[in-house]
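# Coordinates in review
So you can see what is in the structure, the chains are spelled out below.
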Amino acid sequence: MAIREEGLALGPAESELPVLGKLHEWVVTVDHKRLGLMYIGGGLVFFLVAGLQAATIRLQLAMPDSRIVPPEVFNRLMTMHGTAMVFLVGMPILTGFFNYLVPLMIGTRDLAFPRLNAFGFWLWAFGSILLYFSYIGGDGLYGAGSAPDVGWFAYAPLTERAFSRGSSTDYWILSIFLTTVGSTATAVNLIATIFCMRCKGMTLGKMPVFVWLALVVSFMMLVALPPLSAAQVMLLLDRFLGAHFFDTQAGGSAVLWQHFFWIFGHPEVYILVLPAFAFANEIIPVFSRKVIFGYQVMVVASCAIAFISLGVWAHHMFAVGMTPAGNAFFATSTMLVAVPTGIKIFNWIGTMWGGKIRFRVPMLFSLAFLFQFLVAGLTGVMMAVVPFDWQLTDTYFVVAHFHYVLIGAIVFMIFAAIYYWFPKATGRMLDEKLGKWHFWLFLIGFHMTFDTLHFAGLEGMPRRIYTYQPGRGLDTLNLIASIGVIFQAAGVLIYLINVIHSLRSGEIAGSDPWDAWTLEWATTSPPPEYNFAVAPEVRSRRPLWDLKHPDDPDWKYE
Amino acid sequence: MTSTSAANASPENWSLPEKGRVGILGLILTESAFFSIFVAAYIFYIGKSATGPYPSEVLSPPILNTICLLSSSVTIVFAVRALRAGRRGVFAMLWLVTFLLGLEFILGTALEWRHLIYQEALTIRTNLFGTTFYSLVGLHALHVTIGLILMGLVLALTLTGHVKSEHAERTEILSWYWHFVDAVWVVVFLTVYVVGR
Amino acid sequence: MADANSKIERGGVFSPVSTPAHDIQTVALFVLAIAGAIFVIVAGLLLFAAVRYRARAGDDAQEPAQVYGSNPIEFAWTVVPILIVFVLILVTARTIYSVQAAAKPSGAINVTVIGHQWWWEIRYPDLGIVTANELHVPVSDKRGSTPTFLRLESADVAHSFWVPRLAGKTDLIPNKHNDMWIEPHKAGTYLGQCAEFCGTEHALMLIRVVVHPPDEWQRWVAAQQQSASADTSVARGRQVMESNACVNCHVVRGTNANGRFGPDLTHLMSRGTIGAGAATNTLEHLKTWVEDPSVIKPGALMPAMNLRQEDLNDVVAYLATLR
């Protein structure tokens, strides 16, 4: 479907082996749309893999005293599940969406540095394969290699040579280092694109909020990813050159690793959730038939969240033994970041208020997102109350909280975004009926699992345990949580069927199936390689609204 | 194109910043964050080494290296200006001087390390000072080396006649990277040889 | 005597029996109430909007009125959350200080807990007692006020001490020491476990806190302060222990077993479990453990002792006398 430029010579190989030719095109592409789809596709593959790992965890924990998998295997499962979901699923899918949509939304042809874009993708691809390669390639000196088993945050000194023999930790370090460099490259690319390539008339104040969030997330990546890479380099120096950064036996500090990790780790979770907000900012207005309520505040709140989130990291460390003043400081900053976050929820409700809401599948996922993100935010505020956190931290309450954010907010919005933009990328609609089945099954399963896990934490169940004893009040809760997995899996299965079926015989979408207002809907579905035949010129935040309502354009009111 | 405020509203005088400059600034931002963590670790571990050698015993401020490196930031500015004005011969000479000053820094650092390792028995595994010193100074030296490689590439292209005044913008961007490396050295120098000693 | 095999008192965060846990519950209920109220209001508005403003079939195709924002409304819903946050911060700070900065009364019991992979070393420096995996403390009531102050250290990696009915958790970090305290008002046995992932058998690093009434407490202390019983009928077993590698890792006071890597076995049989809760302390389990700990707790750092059956039986018979 890509329109070939004139004069592009067709080598004989391409016409003789069309499949190879197509594959070659994808491998050498620098087109942001293809790279975006590759990121999303790759991320979804790992979503299934890490999801199966989670299902195995829940299978083990469904009953007490279970030994379906031995402790070593379980510890690898939980480490790989967490690491993969953050770096191999969340990051690529979300940056994949930015990759695909930002140039389209700002009316330009590609990202600022297309080859850097491709480089970032292949770095990610290599790093992601390297992580899973550890399962087969990791036989270190003591035969204790294999996949990393130190938890996704790899606390020191458990990760030092003395306690982690073999190369499993090294796989964790190196694979994630690579994917992180790739993400950083994408962030630089997005910032340069957004500052330097907007179409005429699109000042920063006229960009869709989606693009603002891409800008904010990119800045956060530039500042928050390096601390992780730095700490990983330090750990590598400890493990290979005998350095003592986190070597407590030689005076090093275990807490220092925690600080460095969470200086990355907390902004990282905002890097993951802000794109979910970006999706919501486009989808909710379109399906409510109203302009976003409070554009300026939404932008300012996003910037505020990014900025404040750089100063809350030690709320992951309330049990570590910081001073009362230190604890109080981080409690304060954490509660403060809840304010702009809460404001966004109110603005979304304000957008829906007085609208004519259409409950198509993207909107169903968005509604669930709003409820679930509200709950996740509230449990987060609960944990900012330090003494309460002393009970809750490192228990299944936290696990429930962050899965409420990661799945309840982020995955739900990823599904919403897929249903919303799939027509643009492929030219076909996803099936609405299958979509609704997907939604309801996934919703039910999600709540069965994660609502109950809050109570398991309150009842005394810590994180990362491969089994628990009967008679502690944990049996029923864990069983229900595990059954929820079946429903979630069913939902995902139906989604996969939907995708495969719709790619072949979905309803033709046309350029603007949802009657939306941003520039990506002004070109064909899928867009040609160059995106726009004529560079657009805009006068407001909703250029297509202006075209559809020439008597009542946005620029009169903005 | 000069970079102007991106808030230009009317399509008639629509101008946006240069993407090369924004790109290199992004790189500088992220590298600054990266270096900050090593500086933080260095400061955290000041005075915490259980055994020697200690900084005050073995460190002496590398004045010559510093003068060379910081001067190279001046020569590179003049080099780029010369290229913009089309004076390719002057550019080549100034670029070469910049390169040599940077090279002196690396060689001087290597000599300092040789002394520390062989005469003072300080390695990365000796104590916390050794760990943080070699990693921070080494990270910076690595960035200087990368800069030298890139400058060497430009030098080779210049000497074979490929670099012209229309490439001045690209050399400008490379010079920003070089200024960043020098600015980091100021921070590293103060942290290691002044505060930490 | 409330022995460690007695029924564990079940319950979690909302069944406090000790002052810190009580203080936490109070602040937790307050926060939950506020969060609950916010949820009801906001979710209610959301539900209302979704229902009231849904597009109806046969609706005209006209778009609804476009509202770009509203300064007064946005101001209000910024200020109210800030006020709520302000109140929460004050309440939080107060409880932080009351727990973390509590003064230690003179009658406090001092305990040092050292975390190991995957067991708890428990030392009473003032009483000359060393034990493992069970923390025995006296009940503390208003009259006596005998809280227990714990100093937390680690011999290897990071661990975390968590008994939810007694207090919040505090980490055991190598090369750092932390302090916490408990003040239980009700006798009984309370279960907790390590709450910081510490390696293979993190899941089986349980801790039992046995809270004694005052006279029971005195008896426990006196018994623990004794050296190991020297029952001559098991002399052969004692000899097996003393001539094997056991002495390199374990202490049995009164013998030449003087190793510090593993738990103190002087009063092994006074404890309800072995392997930090991995199995109940029966002769059967003890024999399996000594023969090959990895059968009960795979990855445990104690190696299989590879004793001959006769030696194994004798040494287990000896261990059985260490009450």
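Everything numeric in this text was worked out from a predicted model, so none of it was measured.

Attention now moves to the overall build of chain B. Secondary structure summary: chain B contains six helices and zero strands in total. Considering only C-alpha atoms, chain B reaches an extent of 65 × 40 × 20 Å along its principal axes. Classification of the 197 residues of chain B by burial places 35% in the buried group. Looking at chain B alone, contacts between residues at least 24 apart form 78% of all its contacts between residues at least 6 apart.

Now for the overall build of chain C. If you tally the helices and strands in chain C, you get eight helices and 14 strands. Computed over the C-alpha atoms, the radius of gyration of chain C is 27 Å, more than 25% above the 20 Å expected from 2.2 N^0.38 for a compact globule of 323 residues. Per-residue burial over chain C gives 44% buried out of 323 residues. Partitioning the intrachain contacts of chain C with sequence separation of at least 6 by distance along the chain shows that 66% fall at a separation of at least 24.

This brings us to the nonpolar core. Residues Ala214, Phe369, Ile410, Met413 and Ala416 of chain A are the most contacted members of the largest nonpolar core, which totals 337 residues. If you tally residues by element for this core, the top one is helix H13 (residues 396-426) of chain A, at 24 residues. When we break this core down by domain, the ones giving at least three residues each are domain 1 (1-47 + 72-216) and domain 2 (232-319) of chain C. Once you skip the residues sitting within four places of it in the chain, Met413 of chain A turns out to touch Ala276, Phe279, Ala280, Phe365, Ser366 and Phe369 of chain A.

If you look at the interface, chain B gives 29 residues, while chain A gives 33 residues. Only helix H1 (19-44) and helix H5 (128-159) of chain B provide two or more residues apiece to the side of chain B that touches chain A. Looking at the side of chain B that touches chain A element by element, the count peaks at 13 residues for H1 of chain B. Tallied by class, the residues present in the side of chain B that touches chain A amount to 19 nonpolar, six polar and four charged.

What follows deals with the packing of H1 of chain B against helix H6 (residues 168-195) of chain B. All names here are of chain B. In the contact formed by H1 and H6, the axes pass within 10 Å of each other and the chain directions differ by 15°. Classified by the interaxial angle, the pair formed by H1 and H6 is roughly parallel. At the point where H1 passes H6, the crossing takes the right-handed sense. Across from Gly20, Arg21, Ile24, Ile28, Glu31, Phe35, Val39, Tyr42 and Ile43 in H1, the residues of H6 making contact are Glu169, Ile173, Trp176, Tyr177, Phe180, Val184, Val187, Thr191 and Val192. Class assignment for the residues of the contact of H1 with H6 results in 13 nonpolar, two polar and three charged.

In this section: helix H1 (residues 19-52) of chain C. The first and last C-alpha atoms of H1 of chain C sit 49 Å apart over 34 residues, in line with the 50 Å expected at 1.5 Å per residue. The set of residues buried in H1 of chain C consists of Thr19, Pro20, Ala21, Ile24, Val27, Ala28, Val31, Ala35, Val42, Leu46 and Ala49 of chain C. In this structure, the buried side of H1 of chain C is in contact with helix H10 (324-352), helix H11 (361-384) and helix H12 (386-392) of chain A together with helix H2 (71-100) and strand S8 (178-182) of chain C.

With that out of the way, let us pick up the packing of H11 of chain A against H13 of chain A. Residues and elements named next belong to chain A. For the pair H11 and H13, the least separation of the axes is 8 Å and the interaxial angle reads 160°. Judged on the interaxial angle alone, H13 and H11 are roughly antiparallel. The two elements H11 and H13 cross, and the hand of that crossing is left-handed.

So, about the domain arrangement of chain C. Residue and element names in this part refer to chain C. Here chain C is described as being made up of domain 1 (1-47 + 72-216) and domain 2 (232-319). One C-alpha centre belongs to domain 1, the other to domain 2; they are set 32 Å apart. Domain 1 puts 19 residues into the contact, and the matching count from domain 2 is 15 residues. Breaking the side of domain 1 that touches domain 2 down by element, the ones donating at least two residues are strand S2 (119-124), strand S3 (129-132) and strand S10 (206-212).

Attention now moves to the sheet that holds strand S4 (residues 134-138) of chain C. Residue and element names in this part refer to chain C. The strand order across the open sheet formed by three strands is S4-S10-S9, and the pairing between neighbours is mixed. The outermost strands of the open sheet, each flanked by one partner alone, are S4 and strand S9 (188-193). Taking each pair of neighbouring strands and ignoring which way they run, the sheet shows an average axis angle of 20°. For S4 and S10, the ladder comprises five bridges, and the chain directions are parallel. The residue bridging Leu135 from the neighbouring strand is Val209, located in S10.

With that settled, consider the arrangement of the chains. Most contacts, when the two pairs of chains in contact are compared, are made between chains A and C. With respect to C-alpha atoms, chain B approaches chain C no nearer than 12 Å, and the pair has no contact.

So, on to the interface of chain A and chain C. On the chain C side, the residues contacting the 75 residues of chain A number 73 residues. Among the secondary structure elements, those contributing two or more residues to the side of chain A that touches chain C are helix H4 (71-105), helix H8 (254-288), helix H9 (295-309), H10, H11 and H12 of chain A. Examining the composition of the side of chain A that touches chain C, we find that 15 residues originate from one element, H10 of chain A, more than from any other.

What follows deals with unusual backbone geometry. Omega for the peptide link from Ala156 of chain A to Pro157 of chain A comes to -5°, which places this bond in the cis form. Mapped onto the fold, Pro157 of chain A is located in the loop between helix H5 (114-137) and helix H6 (168-196). Backbone geometry places Asp515 of chain A, a non-glycine residue, at a positive phi of 60°. Take Asp515 of chain A: it is sitting in the loop between helix H15 (475-505) and helix H16 (543-548). Phi is positive for Ala121 of chain B, which is not a glycine, with a value near 55°. You can call Ala121 of chain B exposed: it has 12 C-beta atoms within 10 Å.

All right, on to the pairing of strand S1 (residues 109-116) of chain C then. Residues and elements named next belong to chain C. Among the eight residues in S1, six count as buried, and that is most of the element. With seven bridges joining them, S1 and strand S5 (residues 148-154) adopt parallel strand pairing. Looking at S5, one finds that Asn110 is bridged to Phe149. The antiparallel hairpin formed by S1 and S2 contains two residues in its connecting segment.

Residue and element names in this part refer to chain B. Model confidence for chain B is summarised by a mean pLDDT of 93, while 94% of its residues fall at 70 or above. The lowest-confidence element of chain B is helix H2 (residues 55-58), averaging 95 in pLDDT; the highest-confidence one is H1, averaging 98. Within the model, the stretch residues 1-9 combines pLDDT values under 50 with 18 contacts to residues more than four positions away or in other chains.

Okay, the sheet that holds S2 of chain C next. All names here are of chain C. The strand order S3-S2-S1-S5-S8 describes an open sheet built from five strands, whose pairing is mixed. Two strands bound the open sheet, and with one partner strand each, they are S3 and S8. Along the sheet, successive strands turn relative to each other by an average axial angle of 25°, direction set aside.

Below, the discussion takes up the environment of Gln372 of chain A. Residues and elements named next belong to chain A. Of note, Gln372 is situated in helix H11. Exposure remark for Gln372: the 24 C-beta atoms within 10 Å place this residue in the buried category. On a C-alpha basis, the gap between Gln372 and Val405 in space is 7.5 Å, while along the polypeptide they are 33 residues apart. Excluding residues that lie within four positions of it along the chain, Gln372 makes contacts with Tyr404, Gly408, Ala409 and Phe412.

Further remarks concern the confidence of the model for chain C. All names here are of chain C. Chain-level pLDDT for chain C is 93 on average; 97% of the residues reach the 70-or-more range. Across residues 1-5, confidence stays below pLDDT 50; counting only partners more than four residues off in sequence or on other chains, it has 15 contacts. Among the prediction metrics, the complex's ipTM stands at 0.95, with pTM recorded as 0.95.

All names here are of chain A. Here Tyr468 lies in the loop between helix H14 (432-458) and H15. Look at Tyr468 and you get buried, because 24 C-beta atoms sit within 10 Å. If near-sequence neighbours (up to four positions away) are discounted, Tyr468 is found in contact with Pro64, Met461 and Leu474.

Definitions and cut-offs
Residues numbered from 1 in each chain as written. Chains lettered and ligands numbered in written order. Predicted model: local features only at pLDDT ≥ 70, side-chain atom pairs only at ≥ 80, totals over all residues. Helix = DSSP H or I, 4+ residues; strand = E, 2+ residues; numbered from the N terminus. Buried ≥ 20, exposed ≤ 12 C-beta atoms within 10 Å, placed from the backbone. Contact = placed C-beta atoms within 7 Å. Rg over C-alpha atoms; globule rule 2.2 N^0.38 Å. Core = buried A, V, L, I, M, F, W, Y, C linked by C-beta atoms within 7 Å. Domains from an automatic or database assignment. Nonpolar A, V, L, I, M, F, W, Y, C, P; charged D, E, K, R; others polar. Axes fitted to C-alpha atoms, helices over the stretch in contact; angles between N-to-C directions. Parallel < 35°, antiparallel > 145°, perpendicular 65-115°, else oblique. Left-handed = near helix turned anticlockwise from the far one by under 90°. Expected span 1.5 Å × (residues − 1). Pairing = 2+ DSSP bridges. pLDDT = per-residue confidence, 0-100.

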